[in-house]
Amino acid sequence: MALTTAPGRSPRTGPVGPRPTRRGAGRARLGEGLAGYVFLSPWLIGLMGITALPMLLSLWLSFTDYDILTPLSEVRWVGLANYERMFTADPSYWHAVRVTLTFALVAVPLKLAAALGVALLLNRTWRGVGLFRGLFYLPSLLGGSVALAIVWVNMFNRDGAFNSFLALFGVEGLPWVADPDWALQTLMVLAIWQFGAPMVIFLAGLKQVPVELYEAASVDGAGAWRKFRAVTLPMLSPVIFFNLVLETIHGFQGFTAAFVLSNGTGGPVDSTLMYTLKLYIAGFTDLEMGYASAMAWVFLLAIALITAVLFSTGRFWVHYSDGDDS
Amino acid sequence: MLGTSVKSPAEIVNNIGLLPEEFTPGNYAEGWTNFDVSFGRFFLNSALVSLLTVVGNALSCLLAAYALGRLRFRLRKAWFTVMIGTLLLPGHVLIVPQYILFRSLGLVGGDWPYLPLLIPHFLATEAFFVFLMVQFMRGIPRELDEAAKIDGASPYGVFRHVILPLSRPALVTTAIFSFIWTWNDFFRQLVYLSTLEDYTVPVALTLFIDSTSQSAVGPMFAMSVLSLLPVFLFFLAFQRMLVEGINTSGLKG
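Summary of the structure given here. (Residues numbered from 1 in each chain as written. Chains lettered and ligands numbered in written order. Predicted model: local features only at pLDDT ≥ 70, side-chain atom pairs only at ≥ 80, totals over all residues. Heavy atoms only, no water.)

## Here we look at the overall build of chain A
From N to C terminus, chain A includes 13 helices and 0 strands. Counting over 326 residues, chain A shows a buried share of 49%. Taking contacts inside chain A between residues at least 6 apart in sequence as the whole, the part at least 24 apart equals 65%. Summed over all atoms, the accessible surface of chain A reaches about 16,300 Å², with 66% contributed by carbon and sulfur. (Helix = DSSP H or I, 4+ residues; strand = E, 2+ residues; numbered from the N terminus. Buried < 20%, exposed > 50% of the residue type's maximum accessible area, 1.4 Å probe, protein only. Contact = heavy atoms within 4.5 Å. Areas by Shrake-Rupley, 256 points an atom, 1.4 Å probe, with all protein chains shown as cover.)

So this is what it looks like as structure tokens:
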């Protein structure tokens, strides 16, 4: 084929080839095109087989009553019945939507605020700052783990460590995770506490802010707050935006902690029935895979919509200093 | 948490202090053998899945990133956009059809129940790492490629002798993150693993909650501590690289 040189032929060890002529360069271009697809092939196979095909399959399934037990060939087409049931006949679906929205709307902004606040504190050079960065980042790393959720749930039990701590001050504790009014809040605190990942990204962003801007602001007599408002926030807005999009999507997908807290049921009284948990229960507990697929598609569209909204509002407040961001 | 893991059942309820009055290391032994299968088996399973995932991610994502970040070919921009698009695709959307797909291929609960967990990683489906490596490769001077090309190197030669050695930092970052994420992953492992012997650590830990008996809290905490240990050690060893890895991944807006 058009491969002008054998794979593995290297500048150091390969024999000296003919000097590239115009024709040679043209053939090299062709070779590069082929090589591009060779290198891309695992990803392309994955995209087709593991992403695109399943998406089509799930779109089709969302209009059927597939239950995994009957073979695919005997599946019944039910039209929009799954969607109809979801929106009109399944109150726990709307409940899951509410729980998820509440969770994301409260936990995400607070998490980002915590991340930015701590990042500002740690964006200095003092002895041991690296250690603190690590310590704040650690909960994020352990974040999605079952172990951490287990510990958390036990800490917030009726006679867990947190209530015992409150008792030291004579405060009557609450049955946090067992109380439908408080279980979701407990999950939110857990999520906010894991602000390490956006914090690290904020730190990276803060390092990019030119020192001259602060110096110029100082010369103009700006105080700390004014510098933060006029220099840090605008310069950091692309990073804030990036974190906002990422954490919002992430927030909608909370699963592990809700699963562990409720032992996979979304309890107490459905108070922690996150959307993904509802989807899991529909698909893998009740085996209503058609219904679960419909839920997955609505989820996907909702996330796409929210991302689009974020991006369209982003134009008004995200500031790109070099005017070029591809 | 560490404290609770060495408390006796009575103390877990009554002693609110961090340190136990009576050191009870028995929780570890008890937790280790609490189920019909020893916890050691779960750790081996988790280690196997995590290490193979690391290899798969590093390999396949590097190949894709080289193509998308360095080579010129038709539709490259379009594929890059698609890749960014999949970055936003929540895994939960694909879980049902992927499960059905792998099941119809006979891979769920088959001789090697981990295949459904591993195959996606060998096909670069974790777009985050592809993106991270593309951004990294953009930082490698183009002149190096050009010089190698003038010396007669093919795109494969450039990959082997220029990109591969220079991509070490990006590969290390990918390796660390894929290890930690896979070790902590719960959703997919919960869906695909159904036999006790095949359970990984996170799935096995939930067995403790099923048994809800108050007396198992000590062993449960003991095993939770152990399950976090690999991540913690990884973190200690690579802390510097982790933070730098994120800093160099091009998230500068």
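## Structural notes on the interface of chain B and chain A
Each partner contributes to the interface: chain B provides 82 residues, whereas chain A provides 84 residues. In total, about 7,500 Å² of surface goes out of reach between chain B and chain A, with carbon and sulfur atoms giving 76% of it. Joining chain B to chain A, the criterion identifies 1 salt bridge. Residue E32 of chain A pairs with K149 of chain B through a salt bridge whose shortest N-O separation is 3.4 Å. If you look at where chain B meets chain A, you find 6 residue pairs in polar contact (both at pLDDT 80 or more). With 14 residues, helix α13 (residues 217–247) of chain B is the largest single contributor of residues to the side of chain B that touches chain A. (Buried area = accessible area lost by both parts, 1.4 Å probe. Salt bridge = Lys/Arg side-chain N within 4 Å of Asp/Glu carboxyl O. Polar contact = N/O pair within 3.5 Å; in protein donor to acceptor, adjacent residues only side chain to side chain.)

## Focus: the packing of aromatic side chains
Overall, the coordinates contain 40 aromatic pairs over all chains when judged by the stated rule. An angle of 85° between the planes, with centres 4.7 Å apart, marks the rings of F39 of chain A and Y66 of chain B as edge-to-face. With F39 of chain A in helix α1 (residues 22–61) and Y66 of chain B in helix α3 (residues 39–70), the pair connects residues from two separate chains. An identical accessibility class is assigned to F39 of chain A and Y66 of chain B; each is buried. Among the aromatic side chains, those forming a connected cluster through ring pairs are F255, F259, Y280 and F284 of chain A together with Y99, F102, F186, F187 and Y192 of chain B. Positioned over the ring face of Y291 of chain A is R85 of chain A, at 3.8 Å from the centre of the ring. (Phe/Tyr/Trp six-rings, centres within 6.5 Å; stacked < 30°, edge-to-face > 60°. Lys NZ or Arg CZ within 6 Å of the ring centre and 35° of its normal.)

## Re empty space enclosed by the protein
Empty space among the atoms becomes visible once a probe the size of a water molecule is rolled across them. Under the counting rule described, the total for this entry stands at 3 cavities of 30 Å³ or more. If you add up the space inside the largest cavity, you get close to 50 Å³. Looking at the lining of the largest cavity, the elements that each hand over two or more residues are α5 (146–155) of chain A together with α10 (168–184) and α12 (201–210) of chain B. No other element matches the 3 residues that α12 of chain B contributes to the lining of the largest cavity. (1 Å grid on protein atoms, 1.4 Å probe; cavity = no way out; pocket = protein on both sides within 12 Å on 5 of 7 lines; lining within 4 Å. Points joined across faces, edges and corners; volume = space filled by probe spheres on them.)

## Details of the packing of α3 of chain B against helix α4 (residues 76–87) of chain B
All names here are of chain B. Taken N-terminus to C-terminus, the directions of α3 and α4 make an angle of 130°; their axes are 9 Å apart at the nearest point. It follows that α3 is oblique to α4 by the angle criterion. Between α3 and α4 lies a crossing whose hand is left-handed. Contacts between α3 and α4 pair A67, L68 and G69 from the former with R76, W79, F80 and M83 from the latter. Class assignment for the residues of the contact of α3 with α4 results in 5 nonpolar, 1 polar and 1 charged. (Axes fitted to C-alpha atoms, helices over the stretch in contact; angles between N-to-C directions. Parallel < 35°, antiparallel > 145°, perpendicular 65-115°, else oblique. Left-handed = near helix turned anticlockwise from the far one by under 90°. Nonpolar A, V, L, I, M, F, W, Y, C, P; charged D, E, K, R; others polar.)

## Quick word on the packing of helix α3 (residues 91–122) of chain A against helix α7 (residues 183–193) of chain A
All names here are of chain A. The geometry of α3 relative to α7 is characterised by a closest axis approach of 9 Å and an angle of 35° between their N-to-C directions. Seen along the crossing, α3 lies across α7 with a hand that is right-handed. Seen from α3, the contacting residues are V99, T102, F103, V106, A107, L110 and K111; seen from α7, they are L184, L187, M188, A191 and I192. When its residues are assigned to classes, the contact of α3 with α7 shows 10 nonpolar, 1 polar and 1 charged.

## Focus: the environment of F165 of chain A
All names here are of chain A. With respect to the element layout, F165 can be found in helix α6 (residues 161–168). On the accessibility criterion, F165 (45% relative accessible area) is partly exposed. Remark: the alpha-carbon pair of F165 and N263, spanning 98 residues in sequence, is separated by 25 Å.

## Brief notes about helix α12 (residues 275–285) of chain A
Among the 11 residues in α12 of chain A, 10 count as buried, and that is most of the element. All of the buried residues along α12 of chain A are Y275, T276, L277, K278, L279, Y280, I281, A282, G283 and F284 of chain A. Looking at the buried positions of α12 of chain A, the neighbouring elements they touch are α3, α10 (224–252), α11 (256–262) and α13 (289–317) of chain A together with α5 (91–104) and α11 (187–192) of chain B. Of the residues one or two after α12 of chain A, L287 of chain A is the one with positive phi, at around 55°.

## What about the side chain of K111 of chain A?
Note on placement: K111 of chain A falls in helix α3. Once you skip the residues sitting within four places of it in the chain, K111 of chain A turns out to touch A191, I192, Q194, F195, P198, E247 and H250 of chain A.

## A short note on the side chain of T100 of chain A
Residue and element names in this part refer to chain A. Its place among the elements puts T100 in helix α3. Of the polar contacts made by the side chain of T100, one reaches the backbone oxygen of A96; its length is 2.7 Å. Setting aside residues up to four positions removed in sequence, T100 forms contacts with F252, M274 and Y275.

## Structural notes on α10 of chain A
Since the α-helix turns once every 3.6 residues, residues separated by three or four places project in the same direction. Taking 1.5 Å of rise per residue, 29 residues should cover 42 Å, yet α10 of chain A covers just 35 Å from first to last C-alpha, more than 12% shy of that figure. Roughly 55° is the biggest bend found in α10 of chain A, and it falls at S237 of chain A, with proline P238 of chain A one to four residues downstream. (Expected span 1.5 Å × (residues − 1). Bend = angle between axes of the 7 residues up to and from the residue.)

## Brief notes about the pattern of salt bridges
All names here are of chain A. Enumeration according to the criterion identifies 6 salt bridges over all chains in this entry. Measuring nitrogen to oxygen at the nearest pair gives 3.1 Å for the salt bridge that ties R76 to D65. Residue R76 is found in the loop between α1 and α2 (81–89), and its partner D65 is found in the loop between α1 and α2; the two are separated by 11 residues along the sequence. Assessed through its relative accessible area of 56%, R76 is described here as exposed. Taking relative accessible area as the criterion, D65 reaches 32% and is therefore assigned partly exposed.

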